[in-house]
Amino acid sequence: MGTYQQQPPVSEQRSLQALSHQSVGASPGEALLLDRIRALEEDVARLREANENLVLATFNAEDQREDAEAVNRRQNEFLAMLAHELRNPLSPLAMAASLLERDAGAAPQQLRLASVITRQVDHMARLLDDLLDAARLSSGKIRLAVETLALADVLRHAVETVQPRILERGQALDVELPATAVAVEGDKVRLAQVFTNLLGNASKYTGDGGRLRLAAHADPDQIVVTVSDDGTGIAPEVLPYIFDLFTQGPRSLARSEGGLGVGLNVVRNLVGMHRGTVEAHSDGPGRGSRFTVRLPRAAGLPAAPVRPEPPRATPRRRILLVEDNADASATLADILAAEGHDVVCAGDGRAGLARALAERWDVIVCDIGLPELDGLKLMQALRAQQEGARPYAIALTGYGQPDDEARGFAAGFDRYLVKPVGAAALLAVVADAPAAVSA
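Please read these numbers as outputs of a predicted model, since none were measured by experiment.

1. Some details on the sheet that holds strand 8 (residues 318-322)
The strand order across the open sheet built from five strands is 9-8-10-12-13, with neighbouring strands paired in parallel fashion. In this open sheet, the two strands that pair with only one neighbour each are strand 9 (342-346) and strand 13 (415-418). Sheet twist, expressed as the mean angle between neighbouring strand axes with direction ignored, is 20°. Of the pairings in the sheet, the one linking strand 8 to strand 9 comprises five bridges and is parallel in character. If you follow Val322 over to strand 9, its bridge partner there is Ala346.

2. As for the packing of helix 5 (residues 188-204) against helix 6 (residues 263-273)
Where helix 5 meets helix 6, the axes come as close as 9 Å, and the angle between the chain directions of the two elements is 145°. Where helix 5 crosses over helix 6, the two elements pack in a sense that is left-handed. On helix 6, the residues that touch Arg190, Gln193, Val194, Asn197, Leu198 and Asn201 of helix 5 are Gly263, Leu264, Val266, Val267, Leu270 and Val271. When grouped by side-chain class, the residues that make up the contact of helix 5 with helix 6 number seven nonpolar, four polar and one charged.

3. Things to note about the packing of aromatic side chains
For the structure on display, the rule yields two aromatic pairs. Relative to Phe291, the ring of Phe243 lies with its centre 6.0 Å away and its plane at 85°, an arrangement referred to as edge-to-face. Of the two residues, Phe243 sits in the loop between strand 5 (222-229) and helix 6 while Phe291 sits in strand 7 (residues 289-296), which places them 48 residues apart along the sequence. Centroid distance Phe409 to Tyr416: 6.4 Å. Interplanar angle 55°. Geometry classified as tilted. With relative accessibility at 37%, the residue Phe409 sits in the partly exposed group. Just above the ring of Trp361 sits the side chain of Arg318; from NZ or CZ to the centre is 4.2 Å.

4. Looking at unusual backbone geometry
The omega angle of the peptide bond from Lys419 to Pro420 is -5°, so this bond is cis rather than trans. Structurally, Pro420 can be placed in the loop between strand 13 and helix 11 (423-432). Here the phi dihedral of Arg275 falls at roughly 60°; this positive angle occurs in a residue that is not glycine. Relative to the assigned elements, Arg275 resides in the loop between helix 6 and strand 6 (277-281). Positive phi, normally seen in glycine, also occurs at Glu372, with a value near 70°. Looking at the secondary structure, you find Glu372 in the loop between strand 10 (363-366) and helix 9 (375-385).

5. Here we look at the sheet that holds strand 7
Across the sheet, five strands lie side by side as 2-4-5-7-6; this open sheet has mixed pairing. Single-partner strands in this sheet number two, and they are strand 2 (172-176) and strand 6. Neighbour to neighbour, the strand axes of the sheet diverge by 10° on average, direction disregarded.

6. Regarding the side chain of Asp367
Tracing the backbone shows Asp367 in the loop between strand 10 and helix 9. Looking at Asp367, the relative accessible area reads 1%, which means it is buried. Sequence-distant contacts of Asp367, that is, excluding residues within four places in its chain, are made with Asn88, Val322, Glu323, Asp324, Gly375, Leu396, Thr397 and Lys419.

7. Side note on the nonpolar core
Among the nonpolar cores identified, the biggest contains 42 residues, and Phe195, Leu198, Leu199, Leu214 and Val225 are the most heavily contacted of them. Of all the secondary structure elements, the ones that give two or more residues to this core are helix 3 (108-138), helix 4 (151-168), helix 5, strand 4 (211-218), strand 5, helix 6 and strand 7. In this structure, Val322, Ala346, Leu353 and Ala411 belong to the second largest nonpolar core, which totals 22 residues.

8. Concerning the pattern of salt bridges
All chains considered together, the criterion is met by 16 salt bridges. Residue Arg355 is joined to Glu359 by a salt bridge in which the shortest nitrogen-to-oxygen separation is 2.8 Å. Ionic pairing is found between Arg360 and Asp362, a salt bridge with its closest N-O pair at 3.3 Å. What you see here is one network of salt bridges that share partners, running through Arg318, Asp342, Arg355 and Glu359.

Analysis parameters
Residues numbered from 1 in each chain as written. Predicted model: local features only at pLDDT ≥ 70, side-chain atom pairs only at ≥ 80, totals over all residues. Heavy atoms only, no water. Pairing = 2+ DSSP bridges. Helix = DSSP H or I, 4+ residues; strand = E, 2+ residues; numbered from the N terminus. Axes fitted to C-alpha atoms, helices over the stretch in contact; angles between N-to-C directions. Left-handed = near helix turned anticlockwise from the far one by under 90°. Contact = heavy atoms within 4.5 Å. Nonpolar A, V, L, I, M, F, W, Y, C, P; charged D, E, K, R; others polar. Phe/Tyr/Trp six-rings, centres within 6.5 Å; stacked < 30°, edge-to-face > 60°. Buried < 20%, exposed > 50% of the residue type's maximum accessible area, 1.4 Å probe, protein only. Lys NZ or Arg CZ within 6 Å of the ring centre and 35° of its normal. Core = buried A, V, L, I, M, F, W, Y, C linked by side-chain atoms within 4.5 Å. Salt bridge = Lys/Arg side-chain N within 4 Å of Asp/Glu carboxyl O.

So this is what it looks like as structure tokens:
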């Protein structure tokens, strides 16, 4: 973009010079008139200059906005790719741990090791989710699925998620809930994420054998939930910025558990989206901390949950597994085969499409990031060319952005699972797959 040369037009310069010459020897009335004309022309010149500066500033602001949008877009693309690349190796780890736990002859030590692997994989997956959520929240890409929820159910889910870590560290958790049922309007997944993050932080910054407390009470118009601990506390200089992105307190070399400094930022944004507030308090280092969440109270109570149907026998499925990661393919195939399914593997997209078209399948489990032909194009080609029975298609991928999921369904997938996926969750989806139907 060029720059403006701030110079009066030639005609304006001549006009001012002419007025200057005319004012010499003029009568007092004429001189006054000429002075006024000169002042008006100077005002016009200043207005013209101001207008040119305004136009230039507008162009510069537009350039800066476009640059900021480009930076934000590249950041989101990088984070999405980072999550995909990190989720891919997590998937075989999760499946391998599931295989160890399902081994009927497993020794106690083997089961303990499998449990450690599962917890650490889950922890890594939560860090990735927080990182991606922070990016999506900053760009306004998260939407809430609001419904009336029982507060106790939301908090119970958060406790169940963090409980293994608390037990592992020998910590005690006291839970105090309202005596009567209390409801809140919100997204059950996101609200559970809020309290899971707060409880996880409390455990992380509290030593082994420490004590945590989760307490909730209801006022007529609001619900107040506090998560407190007797851990390391928060320094006064850090406290005002504790909810800012990438903010952390000083980390000692002895503390092995770190973090990305994004979890509390996600908490603040999600609570704000629920028309609530969150505050942090600490009396200083070594004196614990307390986080208080206030949410509007909902009128009424949620409908009674539907009683789940009793489990039924899982039918034997013929499954095509398309996965280029050899470790992930082997562990997935072992888990599915152990459940009684007939599994055939393909290591790239073109081979997967050829097998999918050549034979009849009940279920296809397919990665998205495949060599030769990606999973989206594979599924589009399959849906366009298939004749007869239509297999149930499950995407199993490291691409977890909402746009990625939408593209997966548009390509023809019936389910979209984001790695890492536990064996039980995958087997449940396969068990729920309907019998192959005519296309």
